[in-house]
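What the coordinates show
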Amino acid sequence: MNTAEPPVDPIVLQIVEGTLASVEAEVEAAIERTSRSPMIREARDFRAGIHDRRCRKLTGRSYSALVQPIVRDFPLETMRLGDVFFHNDVYGSEGGIGHLPDLCVTVPVFADGVVVAFVQAFGHHDDIGGAVPGSMPSHATSAYQEGLIVPPVRLYRAGVANDDLFKVMVRNSRLPDSLRGDLDSEVAACRMGAERLGDLFRRYGREQVEACFDAILDRTTRTFERELLAKIPDGTYVWEDYAEHDGVDPPRLHTQRMTLTKHDDRLIIDFAGTSPQAKGPINHAGDYADGVFLKKWLAPILRNLADSPERMAELDVNEGVVPLIELRFPPPGTLLTPIFPAPTNARTFVILRQLGILAGVIAKAVGGRMPADQETIRYTGFHGVDSDGQFYLMREVLGGGSGGRYYADGSDTIHVVPDSKNLPVEFTETRFPLVIERLALATDSGGAGTRRGGLGYLKEFRVLRDSAFLCVADRAILSCWGLRGGKAGAPFRVTVDPGGPKERVLPGLVDDEAIPGGTLVRVETTGGGGWGDPLEREPELVALDALEGKISARAAREAYGVVLAGSGGEPRVDVAATRALRERLRAARGRQPFFDRGPGYRQLAGVDHAEVDFVEDAGGE
């Protein structure tokens, strides 16, 4: 008897795949149009995801939270049409929620009376209580200081709202109207997405649609095996990077070490050697559900191994990547395995670093054909009382420059959260007592290289009323590293009253820093690391960068060895002087590391480079 499953209809497969992508995009568009808080509506720091009844993420447009904690606490057979689930409990989320402001709404999809899929939305909300406005206290030593903790619960039961729960959540927020409006927006959007998916099942039947789900994930697995993992030679590779500050103890190196083993078309990632959990809030609870969230979080780095940038953009990251990666965690009590109630609100210091460490360790395996480093999330903002006597919180996520690549310069002012952006000037100035006096690229912020690192933001705020400044930012000491001879980018920097009598530079982690009315605050975000020897960069590109204000004439000379002539117009390259200067610079330098960490590393480590930064017989030596 032939028990083989019938082949999937390729036309239906395309329809199902397109429907999943369009539903996810439609859910996100609905949230953007109807939400209340600036972090969700204007900055777009939120994501939607579609999962099957086995909790597998089907869409590949972006990362998302997980359905596992909902199914764990509410078995499928107990779910009813009209149910809506909610949670933000970091330690009860199976690793899918990083910090308490990330609120997650989940709606089950029904077909023939049974659950067949889930639509989920989660995003970074303005305020969920806790010690400071914005619910991200940089000085926190306990999760209880960070805001209201809600384990998986029913927000709606068979269509009936849990009004008591809504009251508790809204009462704990400093911005209750925004919180309630955002939740209503997300619930409505997910319900709409569930309706769209229900139509898909009614049209094609559960058996055929679920067979398409399997085919979509299987194709991702095979594609990653064939096109990406095959590029990594079998072997074991080690690298590490660091967070610089936990908000509580003095700045020091918080090590995150990764040992990558490639064998039989699989990757084994071992985090042994990672530092103990921090007192402050930079921990990330990643060691749940076999690290399934981290697997999907890390997998996009592998796309850099694609044959072309165009092909890289075509590759989805869905649950199909999970079987290809095994994660091995150290015992409880580390930065990646914190023990409750260790604080986690600044966990980006760890999970963003993990992206760079994976890129670095793969770079060691493939001769540097990976991007240099980037740091593209930090939270900055102001809060106080406006002219109407109302509390306000202005907070935004500012990106930074991406790392140079072997085939191109890095991109300027990118955001790691897809489609997110800085707050528009017009919105900021009409809603808050602030004036944006300048928004520009930060000159000389990108690391020098054959392919230059992308530039960060330079944004200047004039505070019109006495207020408080807040900041949760890494890389204020350590820089984004350069690769294969490229140089590190410029670190993050906040300057109060720049050029004035009260000028001061703030640390990267700040709560409630008093800013008198009339003061100027300058924020400069990180530049990406450079790729390749800057003395090999084409002189005419250096001149173009100088003309466009991306680098100074001094950087052209000192970092790139290019002598520019002319003034008041287009700079031109002095070819003879450039050739002579580059020869002198090459002769004067010693052995070059594969990775350049910048001067901040010496400040914390006492040396210029870590032992793992050198690669024998590789470019940049």
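Remember, it's a predicted structure, so these values are computed and weren't measured experimentally. (Residues numbered from 1 in each chain as written. Predicted model: local features only at pLDDT ≥ 70, side-chain atom pairs only at ≥ 80, totals over all residues. Heavy atoms only, no water.)

1. Topic: the packing of helix α1 (residues 10-34) against helix α6 (residues 206-228)
Between two packed helices, the angle of one axis relative to the other and the distance separating the axes together describe the packing. In the contact formed by α1 and α6, the axes pass within 9 Å of each other and the chain directions differ by 80 degrees. Taken as axis vectors, α1 and α6 run roughly perpendicular relative to one another. Of the residues in α6, those in contact with Val12, Leu13, Val16, Glu17 and Leu20 of α1 are Gln208, Cys212, Phe213, Ala215, Ile216 and Arg219. When grouped by side-chain class, the residues that make up the contact of α1 with α6 number eight nonpolar, one polar and two charged. (Axes fitted to C-alpha atoms, helices over the stretch in contact; angles between N-to-C directions. Helix = DSSP H or I, 4+ residues; strand = E, 2+ residues; numbered from the N terminus. Parallel < 35°, antiparallel > 145°, perpendicular 65-115°, else oblique. Contact = heavy atoms within 4.5 Å. Nonpolar A, V, L, I, M, F, W, Y, C, P; charged D, E, K, R; others polar.)

2. Observations concerning the sheet that holds strand β9 (residues 266-270)
Strand order in the open sheet formed by four strands is β7-β8-β9-β10, with mixed pairing between adjacent strands. Every other strand in the sheet has two partners, leaving β7 (235-243) and β10 (325-328) as the edge strands with one partner each. Neighbouring strand axes in the sheet, compared pairwise and without regard to direction, differ in orientation by 20 degrees on average. Note: β9 against β10, four bridges, orientation parallel. Residue pairing in the sheet places Leu267 in a bridge with Ile325 of β10. The sheet contacts of helix α9 (residues 348-365) involve β7, β8 (254-263) and β9, and relative to β7 the element is tilted by about 145 degrees. (Pairing = 2+ DSSP bridges.)

3. A look at the sheet that holds strand β20 (residues 520-524)
Taken in spatial order, the five strands line up as β13-β14-β20-β17-β18 in an open sheet, and their pairing is antiparallel. Each having just a single partner strand, β13 (434-441) and β18 (504-506) make up the two edges of the open sheet. In this sheet, neighbouring strand axes are inclined to one another by 20 degrees on average, regardless of whether the strands run parallel or antiparallel. Here strand β17 (residues 493-496) pairs with β18 via three bridges, running antiparallel. Looking at β18, one finds that Val496 is bridged to Arg504.

4. Quick notes on the packing of aromatic side chains
Aromatic ring pairs: the centre-centre distance and the angle between the two ring planes describe each pair. A complete count under the given rule lists 18 aromatic pairs for this structure. Plain terms: the ring middles of Tyr156 and Phe166 are 5.9 Å apart, the flat faces sit at 75 degrees to each other, and that makes the pair edge-to-face. Within this pair, whereas Tyr156 is found in strand β5 (residues 153-157), its partner Phe166 is found in helix α4 (residues 163-171), the two being separated by 10 residues in sequence. Of the two residues, Tyr156 and Phe166, neither departs from the other in class, the shared state being buried. Plain terms: the ring middles of Tyr406 and Tyr407 are 4.9 Å apart, the flat faces sit at 85 degrees to each other, and that makes the pair edge-to-face. Of the aromatic side chains, those joined through ring pairs into one cluster are Trp239, Trp481, Phe594 and Phe595. Positioned above the aromatic ring of Phe46 is the side chain of Arg47, whose terminal nitrogen or guanidinium carbon lies 6.0 Å from the ring centre. Across the ring face of Phe166, the terminal group of Arg180 is positioned such that the distance to the ring centre comes to 3.8 Å. (Phe/Tyr/Trp six-rings, centres within 6.5 Å; stacked < 30°, edge-to-face > 60°. Buried < 20%, exposed > 50% of the residue type's maximum accessible area, 1.4 Å probe, protein only. Lys NZ or Arg CZ within 6 Å of the ring centre and 35° of its normal.)

5. Focus: the layout of surface pockets
Approximately 1000 Å³ is the volume found for the largest pocket. The wall of the largest pocket is formed by 36 residues, among which Pro300, Ile301, Arg303, Gln374 and Val416 lie closest to the centre. Looking at the lining of the largest pocket, the elements that each hand over two or more residues are α7 (292-298), α8 (309-314) and α9. Examining the composition of the lining of the largest pocket, we find that four residues originate from one element, α9, more than from any other. A per-class count over the lining of the largest pocket returns 19 nonpolar, 10 polar and seven charged. Approximately 520 Å³ is the volume attributed to the second largest pocket. Lining the second largest pocket are 25 residues, with Lys487, Ala488, Asp596, Gly598 and Pro599 sitting closest to its centre. It is helix α14 (residues 599-605) that provides the largest number of residues to the lining of the second largest pocket, a total of three residues. (1 Å grid on protein atoms, 1.4 Å probe; cavity = no way out; pocket = protein on both sides within 12 Å on 5 of 7 lines; lining within 4 Å. Points joined across faces, edges and corners; volume = space filled by probe spheres on them.)

6. Focus on helix α13 (residues 575-588)
With 14 residues, α13 extends 20 Å between its outermost C-alpha atoms, agreeing within 8% with the 20 Å of an ideal straight helix rising 1.5 Å per residue. Inspection of α13 places Thr578, Leu581 and Arg582 among the buried residues, and these make up the whole buried set. All buried residues of α13 lie within an arc of 100 degrees about the axis, which places them on one face of the element. Exposed side chains of α13 directed beyond 90 degrees from the buried face belong to Ala576, Arg579, Arg584 and Ala587. Each element contacted by the buried residues of α13 is listed here: α11 (539-547), α12 (553-558) and β22 (572-573). (Expected span 1.5 Å × (residues − 1). Arc of directions from axis to C-beta.)

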